[in-house]
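Read off the chains here:
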Amino acid sequence: MNYFLIVCSFSTIFFIFSNAASFSYPIERSGSLIQRLLKSGKYSEFLKSRNELKTGSQPFIDFYDDYYILKVDVGTPAQSFRLSLDTASSFLWVLDINCISKDCHGASNHGQKSTYNFSDSSTFIEGAGIFVAQFDGQSISGYLGKETVSFGGLTLKNQDFGSAQLLPQLYVEQPIDGVIGFGFPAMAVNGTRTPLDGLMPMLDQQMFSVWMDRKIVTSRGGPGGLVTFGAMDTVNCFADVNWVPLTVKSYWGFDLDGFKIGSYERTKKEKVISDTGSGWIGAPPTVISAIVKATGAKYDWNLELYVVPCSTMKTQPDIKLTINGIEYTIPSVEYILDLLLDNGQCALTFFGFGATGFGPTWVLGDTFIRSYCHFYDYGNMRIGLAKAHHSY
Ligand SMILES: *[C@@H]1O[C@H](CO)[C@@H](O)[C@H](O)[C@H]1NC(C)=O
Ligand SMILES: *[C@@H]1O[C@H](CO)[C@@H](O)[C@H](O)[C@H]1NC(C)=O
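Residues numbered from 1 in each chain as written. Chains lettered and ligands numbered in written order. Predicted model: local features only at pLDDT ≥ 70, side-chain atom pairs only at ≥ 80, totals over all residues. Heavy atoms only, no water.

**Student:** Could you give an account of helix H5 (residues 285-295), with specific residues and numbers?
**Tutor:** Along H5, the residues that are buried comprise Val287, Ile288, Ala290, Ile291, Val292 and Thr295. Residue Gly296 follows H5 closely and has a positive phi angle near 65°. (Buried < 20%, exposed > 50% of the residue type's maximum accessible area, 1.4 Å probe, protein only. Helix = DSSP H or I, 4+ residues; strand = E, 2+ residues; numbered from the N terminus.)

**Student:** Talk me through the site of ligand 2; I want residue IDs and the actual numbers.
**Tutor:** The environment of ligand 2 is made up of Ala128, Gly129, Ile130, Val132 and Asn190. One of the backbone N or O atoms of Ile130 is found 2.7 Å from a nitrogen atom in ligand 2. In the environment of ligand 2, an oxygen atom lies 2.4 Å from a nitrogen or oxygen atom belonging to the side chain of Asn190. Expressed as a share of its isolated accessible area of 360 Å², the protein-covered part of ligand 2 is 43%. A class-by-class count of the residues in the shell around ligand 2 yields 3 nonpolar, 2 polar and no charged. (Near = heavy atom within 4 Å. Polar contact = N/O pair within 3.5 Å; in protein donor to acceptor, adjacent residues only side chain to side chain. Areas by Shrake-Rupley, 256 points an atom, 1.4 Å probe, with all protein chains shown as cover. Nonpolar A, V, L, I, M, F, W, Y, C, P; charged D, E, K, R; others polar.)

**Student:** Got a sec to walk through the sheet that holds strand E21 (residues 336-337)? Specific residues and values, please.
**Tutor:** Strands belonging to one sheet form pairs held by backbone hydrogen bonds; the direction of such a pair is parallel or antiparallel. The antiparallel open sheet is built from 4 strands, whose spatial order is E17-E18-E22-E21. The open sheet has two edge strands with one neighbour each: strand E17 (298-300) and E21. Sheet topology places strand E18 (residues 305-309) next to strand E22 (residues 345-348); 3 bridges connect them, and they run antiparallel. Each bridged residue has a counterpart across the sheet, and for Pro309 the counterpart in E22 is Gln345. (Pairing = 2+ DSSP bridges.)

**Student:** Go over the pattern of salt bridges, please, and point to the residues and values.
**Tutor:** All told, the structure shown has 11 salt bridges when counted by the stated rule. Across the pair Glu28 and Arg82 runs a salt bridge whose closest N-O atoms are separated by 2.9 Å. Separated by 54 residues along the polypeptide, Glu28 in strand E1 (residues 23-29) and Arg82 in strand E3 (residues 79-86) bring together distant segments of the chain. Take Arg82: its relative accessible area is 19%, and that puts it in the buried class. With a shortest N-O distance of 2.6 Å, Glu270 and Arg266 are connected by a salt bridge. The exposure class of Arg266 is buried, given its relative accessible area of 13%. Salt bridges linked by common partners bring Asp255, Asp257, Lys269 and Lys271 together as one network. (Salt bridge = Lys/Arg side-chain N within 4 Å of Asp/Glu carboxyl O.)

**Student:** Tell me about the side chain of Glu147, and name the residues and values.
**Tutor:** Relative to the helices and strands, Glu147 resides in strand E6 (residues 138-151). Buried charge without a salt bridge: Glu147, with Lys157 as the nearest opposite-charge side chain at an N-O distance of 10 Å. Only 2.6 Å separates the side chain of Glu147 from the side chain of Ser121, close enough to count as a polar contact. Contacts of Glu147, omitting those with residues within four sequence positions, involve Val74, Gly75, Thr76, Tyr116, Ser121, Thr123, Phe124, Leu156, Lys157, Asn158, Gln159 and Phe161. (Lys, Arg positive; Asp, Glu negative; His and termini not counted. Contact = heavy atoms within 4.5 Å.)

**Student:** Go over the pairing of strand E8 (residues 178-181), please, and point to the residues and values.
**Tutor:** On E8, burial covers both faces: Gly178 and Ile180 on one face and Val179 and Gly181 on the other are all buried. Both E3 and E8 contribute to a ladder of 4 bridges, which runs parallel. Within E8, the position partnered with Ser84 by the bridge is Val179. Note that strand E4 (residues 92-95) and E8 share 3 bridges and pair antiparallel. Its bridge partner being in E8, Trp93 is matched across the sheet by Val179.

**Student:** Could you give an account of the sheet that holds strand E16 (residues 281-283), naming the residues involved and the relevant values?
**Tutor:** The sheet built from 5 strands is open, its strands ordered E12-E15-E24-E16-E23 with mixed pairing. Edge strands, defined here as strands with exactly one partner in the open sheet, are strand E12 (253-256) and strand E23 (350-352). Along the sheet, successive strands turn relative to each other by an average axial angle of 30°, direction set aside. Strand contacts of H5: E16, E23 and strand E24 (362-364), with the helix running at about 140° to E23, the strand carrying the most contacts. (Axes fitted to C-alpha atoms, helices over the stretch in contact; angles between N-to-C directions.)

**Student:** Tell me what's going on with the packing of aromatic side chains, and back it up with residues and numbers.
**Tutor:** Under the definition given, this model contains 28 aromatic pairs. Both rings, one in Phe184 and one in Tyr378, keep their centres 5.3 Å apart while their planes meet at 80°; by these two values the pair is edge-to-face. Linking Phe184 in the loop between E8 and helix H4 (195-199) with Tyr378 in the loop between strand E25 (372-377) and strand E26 (382-387), this pair joins segments that are 194 residues apart in sequence. Both residues of the pair, Phe184 and Tyr378, belong to the buried class. Joined through ring pairs, the aromatic side chains of Phe151, Phe182, Phe184, Phe208, Phe229, Trp252, Tyr376 and Tyr378 make up one cluster. Across the ring face of Trp243, the terminal group of Arg382 is positioned such that the distance to the ring centre comes to 3.7 Å. (Phe/Tyr/Trp six-rings, centres within 6.5 Å; stacked < 30°, edge-to-face > 60°. Lys NZ or Arg CZ within 6 Å of the ring centre and 35° of its normal.)

**Student:** A description of the confidence of the model for the protein should follow, citing residues and the corresponding values.
**Tutor:** Put simply, the protein has an average pLDDT of 86, and 86% of its residues get 70 or more. In this model residues 1-20 is a low-confidence stretch, pLDDT under 50, and it forms 2 contacts with partners more than four residues away in sequence or in other chains. Confidence drops under pLDDT 50 across residues 56-60; counting only partners more than four residues distant or on other chains, this segment forms 6 contacts. (pLDDT = per-residue confidence, 0-100.)

**Student:** Mind laying out the environment of Val132, listing which residues take part and the relevant values?
**Tutor:** Locating Val132 in the fold gives a position in strand E5 (residues 125-135). Considered as a pair, Val132 and Gly142 are 10 residues apart in the sequence and their alpha carbons are 7.1 Å apart. When near neighbours in sequence (up to four residues on either side) are disregarded, Val132 contacts Ser139, Ile140, Ser141, Val189 and Asn190.

**Student:** Please provide a residue-by-residue account of the UniProt feature "active site" (unreviewed entry) in the protein, values included.
**Tutor:** Sequence positions flagged by UniProt for "active site" (unreviewed entry) are, in local numbering, Asp86 and Asp275. For the residues just named, distributed over 190 residues, the greatest C-alpha separation is only 6.5 Å, placing them together at one site. Residue position: Asp86 is located in strand E3. Looking at the secondary structure, you find Asp275 in the loop between strand E15 (270-274) and E16. Here Asp275 is in contact with Asp86, Thr87, Ala88, Val363, Leu364, Gly365, Asp366 and Ile369, once residues within four sequence places are set aside. Among the polar contacts made by the side chain of Asp275, one reaches the main-chain amide nitrogen of Gly277 at a distance of 2.8 Å. (UniProt positions renumbered as here; feature names shortened; annotations may be inferred.)

Structural data, given as structure tokens:
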């Protein structure tokens, strides 16, 4: 009798304890930027500014079409923000109330943006000065500080962050108030303590899981999935997990061993970065050509996008990626996107990626992450991949 009671109370304690150190939190989807820009007639202006950027020092320009958003509270009392959940940067920044760029405060399709006012917070601690970070391939800057930051039931005290006062053009079109970067300390901005540094010691397991739902993307977005801090999401992800060791310790990077579409096959070991902040997949130019050939895609010079008839969305060849000896399939329904273009055309969600030197040659963004749950296991320096549950 006694023995039973002891066992019982131990398991109760264990249960409460393990529950306290993991939290699941819904993420939202921002919806397609391209759709919004096409609707508002600003797409050509956007292309123009992006093309000007391409001639600058940036090695590539991502599309940043669609974000997954985490609601984050900063300060005391809490000021609430919609932040892009990003595994490819390592800094938390929010829009400052005294932002001086013309696009900061404008109302986007999603209403007024939230801005941070340090004078309204009793927990703000002044930082070392100015930060400079990258966003959409452009510089953003503002002042550094420390704050109480809460999301998904977790509270980080004295978390380094930035309040941004200078932002890129057309930022107003993005329905976000900043970014929360869960990238590695090696990519910290201005030597700050990163969100991962603050978060990991608080968790039962030093990991977070990302499940991205597959829903028709509209310009307005909607529910987007679930992020689980400190545990694996066993509800939305299949139990069969393949663990992939990180081969670069400075970002969420691993090796891709092969790529296939139709009759095209590439077996070359290449570095990839897993990037929740990238809506699409960045691949080397030869791979893009192969995808274009296999899908019969045409380049639309006005839109600067590769398009295929939407009627082929479910019947195009699968893409197969080989990672750590296992083949991963991305069905065409995932890599072809309906942006409500004219003439029943749909877009291919790939962009040419031309990183040089030590950087990755592939960016595996949401197109891949939606197909496979990602378990970002910081404690063991690996990423777990498991098939994601979807209604279609
Ligand atoms: C920031 O908050 C302080 C204190 O509430 C207030 O006096 C100030 O006007 C606010 N700043 C702006 C730009 O609204
Ligand atoms: C942060 O780095 C930028 C250059 O990347 C520099 O201009 C700025 O002064 C730095 N800020 C601090 C506080 O060191």
